[in-house]
Amino acid sequence: STLFPYTTLFRSKSEYYAWRGLFQYNVHNVQASIDDYTKAIQLNPKDLASYANRALSYKETKQWDKALADLDIVAKMGYPVQKEYYESIKQNVRGK
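Presented here is an overview of the structure given in this document. (Residues numbered from 1 in each chain as written. Predicted model: local features only at pLDDT ≥ 70, side-chain atom pairs only at ≥ 80, totals over all residues. Heavy atoms only, no water.)

### A short note on the packing of helix H3 (residues 48-60) against helix H4 (residues 64-76)
- Remark: H3 packs on H4, axes separated minimally by 8 Å, with the N-to-C direction vectors making an angle of 160 degrees. Compared by their axis directions, H3 and H4 come out roughly antiparallel. Helix-helix and strand crossings are classified by hand; for H3 and H4 the assignment is left-handed. Packed against H3, whose contacting residues are Leu48, Tyr51, Ala52, Arg54, Ala55, Tyr58 and Lys59, the element H4 presents Trp64, Lys66, Ala67, Asp70, Leu71, Ile73 and Val74 at the interface.
- Residues belonging to the contact of H3 with H4 are distributed by class as follows: 10 nonpolar, no polar and four charged. (Axes fitted to C-alpha atoms, helices over the stretch in contact; angles between N-to-C directions. Helix = DSSP H or I, 4+ residues; strand = E, 2+ residues; numbered from the N terminus. Parallel < 35°, antiparallel > 145°, perpendicular 65-115°, else oblique. Left-handed = near helix turned anticlockwise from the far one by under 90°. Contact = heavy atoms within 4.5 Å. Nonpolar A, V, L, I, M, F, W, Y, C, P; charged D, E, K, R; others polar.)

### Re unusual backbone geometry
- Although it is not a glycine, His28 adopts a positive phi angle of roughly 70 degrees.
- In this fold, His28 is placed in the loop between helix H1 (13-26) and helix H2 (30-43).
- Taking relative accessible area as the criterion, His28 reaches 68% and is therefore assigned exposed.
- Of note in the backbone geometry, Lys62 takes a positive phi value of approximately 60 degrees without being a glycine. (Buried < 20%, exposed > 50% of the residue type's maximum accessible area, 1.4 Å probe, protein only.)

Bear in mind that shape data such as this cannot, by itself, settle questions of function.
Shown next, in the form of structure tokens:
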């Protein structure tokens, strides 16, 4: 499918997908947000914000293991993660 000309609004395709993921999440299309964040990450594996946002989407769908995996990547790369949020995800994984 052809995207609208993202280059006029966004610096890259990965940025386009990251912003579209945020939009999808905000309109409660959580699975679509996961798909868009995944595409953004595939295009730019260093996009830590997309990992963090995808973790939030995984949390919404109770995919705790995947949320934790994304947060682990984010934390290891030095991106700030709220400690309480991180711990709550860990507790849900352990509670399985």
